[in-house]
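Observations on the three-dimensional arrangement
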Amino acid sequence: FEAAVGVGIFKAVMTLVSVNLVENPKWGRRPLLIFGTSGMALSLAALAAVFAGGAETANQGAIIACVVAYVGCYQIGFGPITWLLLSEIFPL
């Protein structure tokens, strides 16, 4: 239960970061999507490297760090920005 609450709070914080940066002239949608996608790919590659030696020898801290990095990058990029773009493409 505590882990789910922690992940939910982390996702909310990262979404707020994305919402604040999406209208910033220095960042914008495209750089946030590129950063989020790159971070997701790197965190999955790191997770694959952690598991390369087998699940028995994998470091649990490294696994958690890779998953948290993936969730954070998703919440900066694809999470909120996809809904923003869809609302502009298909307005009500």
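Values in this document were obtained by computation on a predicted structure and should not be read as measured data.

Turning our attention to the nonpolar core. The biggest cluster of nonpolar side chains holds five residues, and these are Met14, Val22, Leu32, Ile76 and Ile81. Residues within four places of valine 22 in sequence aside, it is in contact with Gly28, Arg29, Leu32, Ile81 and Leu84.

We now examine the pattern of salt bridges. Throughout the structure, instances matching the rule amount to one salt bridge. Between arginine 29 and glutamate 88 there is a salt bridge, with its nearest N and O atoms 2.8 Å apart. Within this pair, whereas arginine 29 is found in helix 2 (residues 29–51), its partner glutamate 88 is found in helix 4 (residues 78–89), the two being separated by 59 residues in sequence. By relative accessible area, glutamate 88 is classed as partly exposed at 43%.

This brings us to a nonpolar patch on the surface. Judged by side-chain polarity, Phe1, Val5, Ile9, Val13 and Val17 come together as a nonpolar surface patch covering roughly 490 Å² of accessible area. Relative to the helices and strands, isoleucine 9 is located in helix 1 (residues 2–22). The class for isoleucine 9 is exposed, based on a relative accessible area of 52%.

Let us now look at the packing of helix 2 against helix 3 (residues 60–76). At a minimum axis distance of 8 Å, the contact between helix 2 and helix 3 shows a crossing angle of 165 degrees. With respect to helix 3, the axis of helix 2 lies roughly antiparallel. The way helix 2 lies across helix 3 gives a crossing that is left-handed. Two secondary-structure elements touch here, helix 2 through Leu32, Phe35, Gly36, Gly39, Met40, Ser43, Leu44, Ala46, Leu47, Val50 and Phe51 and helix 3 through Ala62, Ile63, Cys66, Ala69, Tyr70, Cys73, Tyr74 and Ile76. Broken down by class, the residue content of the contact of helix 2 with helix 3 amounts to 16 nonpolar, three polar and no charged.

A rise of 1.5 Å per residue sets the reference length of helix 1, with its 21 residues, at 30 Å; its end C-alpha atoms lie 30 Å apart and thus fit the reference within 8%. Buried within helix 1 are the following residues: Met14, Ser18 and Val22. The buried residues of helix 1 all sit within an arc of 75 degrees when viewed along its axis, so they share a single face. Exposed side of helix 1, more than 90 degrees from the buried face: Glu2, Ile9, Leu16 and Asn20 are the residues found there. Those residues of helix 1 that are buried are in contact with helix 2, helix 3 and helix 4.

With that settled, the discussion passes to the packing of helix 3 against helix 4. Where helix 3 meets helix 4, the axes come as close as 4 Å, and the angle between the chain directions of the two elements is 20 degrees. Put simply, helix 3 runs roughly parallel to helix 4. Counted together, Tyr74, Gln75 and Ile76 of helix 3 and Phe78, Gly79, Pro80 and Ile81 of helix 4 form the full contact between these two elements. Classifying every residue of the contact of helix 3 with helix 4 by side-chain character gives five nonpolar, two polar and no charged.

Each value, and the rule that gives it
Residues numbered from 1 in each chain as written. Predicted model: local features only at pLDDT ≥ 70, side-chain atom pairs only at ≥ 80, totals over all residues. Heavy atoms only, no water. Core = buried A, V, L, I, M, F, W, Y, C linked by side-chain atoms within 4.5 Å. Buried < 20%, exposed > 50% of the residue type's maximum accessible area, 1.4 Å probe, protein only. Contact = heavy atoms within 4.5 Å. Salt bridge = Lys/Arg side-chain N within 4 Å of Asp/Glu carboxyl O. Helix = DSSP H or I, 4+ residues; strand = E, 2+ residues; numbered from the N terminus. Patch = residues over 30% accessible without salt bridge, like charges linked within 9 Å, V, L, I, M, F, W, Y side chains within 5 Å. Areas by Shrake-Rupley, 256 points an atom, 1.4 Å probe, with all protein chains shown as cover. Axes fitted to C-alpha atoms, helices over the stretch in contact; angles between N-to-C directions. Parallel < 35°, antiparallel > 145°, perpendicular 65-115°, else oblique. Left-handed = near helix turned anticlockwise from the far one by under 90°. Nonpolar A, V, L, I, M, F, W, Y, C, P; charged D, E, K, R; others polar. Expected span 1.5 Å × (residues − 1). Arc of directions from axis to C-beta.

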